[in-house]
Amino acid sequence: MASFGIWVLTIFLVFQSGYGFYLPGSYPHKYKVGDPLSVKVNSLTSIDTEMPFSYYSLPFCKPAEGVKDSAENLGELLMGDRIENSPYRFKMCTNETLIFLCQSGKLSADEFKLLKERIDEMYQVNLILDNLPAIRYTVKEGFVSKWTGYPIGVKFQDMYYVFNHLKFKVLVHKYEETNVVRVMGTGDAVDVFPSGGKGGSDVPGYMVVGFEVIPCSVMHNGNLVKDLKMYDKYPSEIKCDTTTVTVPIKEGEPIVFTYEVAFEESDIKWPSRWDAYLKMEGSKVHWFSILNSLMVITFLAGIVLVIFLRTVRRDLTRYEELDKKAQAQLNEELSGWKLVVGDVFRAPSHPALLCIMVGDGVQILGMGVVTILFAALGFMSPASRGTLITGMLFFYMILGIAAGYVAVRLWRTIGCGDHKGWASVAWKAACFFPGIAFLILTILNFLLWGSHSTGAIPFSLFVILLLLWFCISVPLTLVGGYFGAKAPHIEYPVRTNQIPREIPAQKYPSWLLVLGAGTLPFGTLFIELFFIMSSIWMGRVYYVFGFLLIVMVLLVVVCAEVSLVLTYMHLCVEDWKWWWKSFFASGSVAIYIFLYSVNYLIFDLKSLSGPVSATLYLGYSLFMVLAIMLATGTIGFLSSFWFVHYLFSSVKLD
């Protein structure tokens, strides 16, 4: 309670002092002039292969104290990030030039071949300073483009050139301190203490608000660096010209690495320092086109809903106004949904599988909604790498209770209150989707292991994931199943006949209509899907989570409406087998998403090289599509179940 009180006081003082509340991992760091700044390196990445590799897998300079991993969270490891220390060292507001870093050993045949491969595959070096990725600006035909990281090298006229000189520019903002309190943040704790004097601290402080890099290929004299140590002054002038390359890599010859750094005071404030990344060329959201799509889909869904409600209300009124004799005559003469009253709640084929899929769908849907809601509120910003994946895992495990509860209660409802087999259903719900996901990830992981990629999940992390699954997710799902077994089952408003009614011959296959129904939900998200795919596979930053939340709410509404309409249509033609069809009516959107993924692979990821990269892409797409099918199918089924229950309980039947 004491620590809780301190936190409340801290937050209160922060707000009182005019500061914003900074989320864990994203609060500002104040540096004095001359304070050391450490640059970190992340995995080498390429949109050509989608397989990350360790920075030190290439013959780059290593820090004098040795390579050390930075503190990473579970999400970073699953995303393939490997953040390590680097030899680059800066001092706050201290410009330095001609800094000698190191001379690599003579390139072996394997190192020479690997460097050429990485250059051909367009691999990028990703540097990080104060949690900001290095950004690079290029000008082509008067148009400025922004990129994160910089290429390892370039191929020109059958020769390979490496970028061995880096020109850094660090943008800093002078620390603005109030007279009430001073807030100092570190990764471990936040301390609040009064500022000294009326004017605040006498020592000026700065915050890093920008990190730019310009890579150059510079020819160095090997004789001049023989006696130099790391961070010594290079004895000759270095001209960094981005339009020329002068250092071809050759087998058996070393590479000399140097750098320079300049600090520049900027008007950019700390909360706005990510704006340059979020507005990168190519990832700008086309608001007008998306808004236009939303308006069309909303209008269309509204029309469907209005027509649907009018039709159902008309039928209900028509049946209720008839006397018993007229109803009996109508039953003989007319066909319609009322004629399947004795079969509409007949147990579907494979009821346990349906219960398990609906339970897992509730878990996935809940995880998606809660995660996107927290992301929209700013709790999972791009500044905190890996928090999105970590949050998804956390919410998914906690919502195992909902999965077990829904699966078992639906199982008991189908079985008319029978408790038998509820534990088996809960256990299978805990293992169905995670088991398929684990199988897909294991197969893909073997491919990544074989390629020595940092995207491969370490064996220790595999053990951790298994422990999280069987020690947290499975028990919570069983607990939810227990509560579902204790809860009263949903009673049907009508009795089911012993002999099933024959379904009349249909003019067209009912499954054709079910598969076609997925086009409407797909229309609500296909534009947003492009930007999500671009952020995953093209290295762009996705940040419009508020808009994604709106799209998801709209998707839920449209899925429910589509499934309701199809269920009603099937009942009207005396097809009482609506259970699975209502699930796949909205769940069929997954088919179109998978086809879109294949289209994206062919037309947008043209450069994706090799069968391993394509297999990884299709494997992850299959994993995503399965989750979407379970979530959207669950929306359709639950809405249809509610509708059928409401429809048959609202009419007086004999």
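Residues numbered from 1 in each chain as written. Predicted model: local features only at pLDDT ≥ 70, side-chain atom pairs only at ≥ 80, totals over all residues. Heavy atoms only, no water.

The next point concerns the overall build of the chain. Counting its secondary structure elements, the chain contains 17 helices and 17 strands. When each of the 654 residues of the chain is scored for burial, the buried share is 48%. In the chain, the proportion of contacts linking residues at least 24 apart, taken out of those at least 6 apart, comes to 83%. For the chain, the computed accessible surface area is about 32,300 Å², with 64% contributed by carbon and sulfur atoms. (Helix = DSSP H or I, 4+ residues; strand = E, 2+ residues; numbered from the N terminus. Buried < 20%, exposed > 50% of the residue type's maximum accessible area, 1.4 Å probe, protein only. Contact = heavy atoms within 4.5 Å. Areas by Shrake-Rupley, 256 points an atom, 1.4 Å probe, with all protein chains shown as cover.)

Turning our eyes to something else, we now look at the state of the cysteines. Joining two cysteines, a disulfide is a covalent bond between their sulfur atoms. Inspection of the entire model under this criterion finds two disulfides. Disulfide partner of Cys61: Cys102, at an S-S distance of 1.9 Å. Residues Cys61 and Cys102 share a disulfide whose torsion about the S-S bond is about -85°; that sign makes it left-handed. Taken together, the positions of Cys61 in the loop between strand E2 (36-41) and helix H2 (74-79) and Cys102 in strand E4 (residues 96-103) put the pair 41 residues apart, joining distant regions of the chain. Judged on exposure class, the residue Cys61 and its partner Cys102 are both buried. Two residues, Cys216 and Cys240, share a disulfide whose sulfurs are 1.7 Å apart. On the sign convention where negative is left-handed, the bridge of Cys216 and Cys240, at about 60° about the S-S bond, is right-handed. You can see Cys216 sitting in strand E16 (residues 205-216) and its partner Cys240 sitting in the loop between E16 and strand E17 (256-265), a full 24 residues away along the chain. On the basis of relative accessible area, Cys240 is assigned to the partly exposed category, the value being 24%. The connectivity of the disulfides in the chain is 1-2, 3-4, where the numbers refer to bonded cysteines in sequence order. (Disulfide = S-S within 2.5 Å.)

What follows concerns the sheet that holds strand E7 (residues 132-133). Pairing between sheet strands relies on hydrogen bonds along the backbone, with the strands arranged either parallel or antiparallel. Taken in spatial order, the four strands of this open sheet run E3-E2-E6-E7, and their pairing is antiparallel. The open sheet has two free edges, formed respectively by strand E3 (84-91) and E7, since each of these has just one partner strand. Of the pairings in the sheet, the one linking E2 to E3 comprises five bridges and is antiparallel in character. Within E3, the residue paired with Ser38 across the bridge is Arg89. (Pairing = 2+ DSSP bridges.)

Further remarks concern helix H11 (residues 459-486). If you check H11, its first and last C-alpha atoms are 40 Å apart, about what 28 residues at 1.5 Å a residue would give, namely 40 Å. Considering bend angle alone, the principal kink of H11 is centred on Trp469 and spans about 30°. Buried within H11 are the following residues: Leu461, Phe462, Leu465, Trp469, Ser473, Val474, Thr477, Gly480, Gly481, Gly484 and Ala485. Those residues of H11 that are buried are in contact with H2, helix H7 (351-376), helix H8 (387-398), helix H9 (400-414) and helix H10 (422-450). (Expected span 1.5 Å × (residues − 1). Bend = angle between axes of the 7 residues up to and from the residue.)

Glancing now at the pairing of E2. By the alternation rule, side chains of E2 split into Leu37, Val39 and Val41, which are all buried, and Pro36, Ser38 and Lys40, of which none is buried. Strand direction decides the pairing type here: E2 and strand E6 (residues 127-129), joined by three bridges, are antiparallel. When the bridges of E6 are listed, Val39 appears paired with Leu129.

Let us look at the packing of H7 against H10. The geometry of H7 relative to H10 is characterised by a closest axis approach of 9 Å and an angle of 55° between their N-to-C directions. Taken as axis vectors, H7 and H10 run oblique relative to one another. Crossing of H7 against H10: the hand is right-handed. Residue-level inspection shows Leu353, Cys355, Ile356, Met357, Asp360 and Ile364 of H7 in contact with H10, the latter providing Val425, Lys428, Ala429, Phe432 and Phe433. (Axes fitted to C-alpha atoms, helices over the stretch in contact; angles between N-to-C directions. Parallel < 35°, antiparallel > 145°, perpendicular 65-115°, else oblique. Left-handed = near helix turned anticlockwise from the far one by under 90°.)

Our focus in this paragraph is the pattern of salt bridges. All chains considered together, the criterion is met by five salt bridges. One salt bridge in this structure joins Lys169 and Glu264, with 3.6 Å as the shortest N-O distance. Residue Lys169 is found in strand E13 (residues 165-174), and its partner Glu264 is found in strand E17; the two are separated by 95 residues along the sequence. The exposure class of Lys169 is partly exposed, given its relative accessible area of 29%. Given the relative accessible area of 37%, Glu264 is considered partly exposed. One connected set of salt bridges, linked through shared partners, spans Lys169, Glu212 and Glu264. (Salt bridge = Lys/Arg side-chain N within 4 Å of Asp/Glu carboxyl O.)

Moving on, we come to unusual backbone geometry. One non-glycine residue, Asp158, lies in positive phi territory at about 65°. Structurally, the position occupied by Asp158 is in the loop between strand E11 (153-156) and strand E12 (159-162). Given a relative accessible area of 66%, Asp158 falls into the exposed group.

The next thing to look at is a nonpolar patch on the surface. Nonpolar side chains collect at one region of the surface, where Phe446, Trp449, Phe459, Val463 and Leu467 lie side by side and expose about 530 Å² of accessible area between them. For the nonpolar patch, the secondary structure elements donating two or more residues are H10 and H11. Within the secondary structure, Phe459 sits in helix H11. (Patch = residues over 30% accessible without salt bridge, like charges linked within 9 Å, V, L, I, M, F, W, Y side chains within 5 Å.)

Attention shifts here to the nonpolar core. With 81 residues, the main nonpolar core has Val344, Ile364, Trp578, Trp579, Phe637, Val644 and Phe648 as its most contacted residues. Among the elements that take part in this core, helix H14 (residues 545-572) stands out by supplying 15 residues, more than any other. Excluding its chain neighbours within four sequence positions, the residues that come into contact with Val644 are Val344, Phe345, Thr567, Leu571 and Trp578. Core analysis: the second largest hydrophobic core is formed by 55 residues, Phe90, Phe112, Leu129 and Leu132 among them. (Core = buried A, V, L, I, M, F, W, Y, C linked by side-chain atoms within 4.5 Å.)

Caution is warranted with low-pLDDT regions, since their predicted coordinates should not be read in detail. Mean pLDDT over the chain: 80, with 82% of residues reaching 70 or higher. Predicted confidence for residues 1-25 stays below pLDDT 50, and this span has 26 contacts to residues more than four positions away or in other chains. Low confidence marks residues 280-284, where pLDDT is under 50. Its contacts with residues over four positions away, or in another chain, come to nine contacts. (pLDDT = per-residue confidence, 0-100.)

Moving on, we get to the environment of Val256. Turning to its location among the elements, Val256 is positioned in strand E17. Along the chain, Val256 and Met219 lie 37 residues apart, while their C-alpha atoms are 8.5 Å from each other. Contacts of Val256, omitting those with residues within four sequence positions, involve Phe100, Cys102, Gln103, Asn164, His220 and Val225.

Here we come to the packing of aromatic side chains. Scanning all chains against the criterion turns up 43 aromatic pairs. For the pair Phe530 and Phe531, a centre-to-centre distance of 5.3 Å together with 75° between the ring planes defines the contact as edge-to-face. Accessibility expressed as a relative area gives 7% for Phe531, which makes it buried. One aromatic cluster is present, built from ring pairs that chain together Phe438, Phe446, Trp449, Phe462, Trp469 and Phe470. Above the face of the Phe53 ring, Arg118 is positioned so that its terminal group lies 3.9 Å from the ring centre. When the ring centre of Tyr123 is taken as reference, the NZ or CZ atom of Arg118 above it lies at 5.3 Å. (Phe/Tyr/Trp six-rings, centres within 6.5 Å; stacked < 30°, edge-to-face > 60°. Lys NZ or Arg CZ within 6 Å of the ring centre and 35° of its normal.)

Looking now at helix H15 (residues 579-587). In terms of residue burial, H15 counts as a mostly covered element, since eight of its nine residues are buried. All buried positions along H15 are accounted for by Trp579, Trp580, Lys581, Ser582, Phe583, Ala585, Ser586 and Gly587. The inward-facing, buried residues of H15 abut H7, H9, helix H12 (510-516), H14, helix H16 (589-603) and helix H17 (610-649).

Mapped onto the fold, Ser266 is located in the loop between E17 and helix H4 (275-278). By relative accessible area, which is 12% here, Ser266 ends up buried. Within polar-contact distance, the side chain of Ser266 engages the backbone nitrogen of Ile268 at 3.0 Å. (Polar contact = N/O pair within 3.5 Å; in protein donor to acceptor, adjacent residues only side chain to side chain.)

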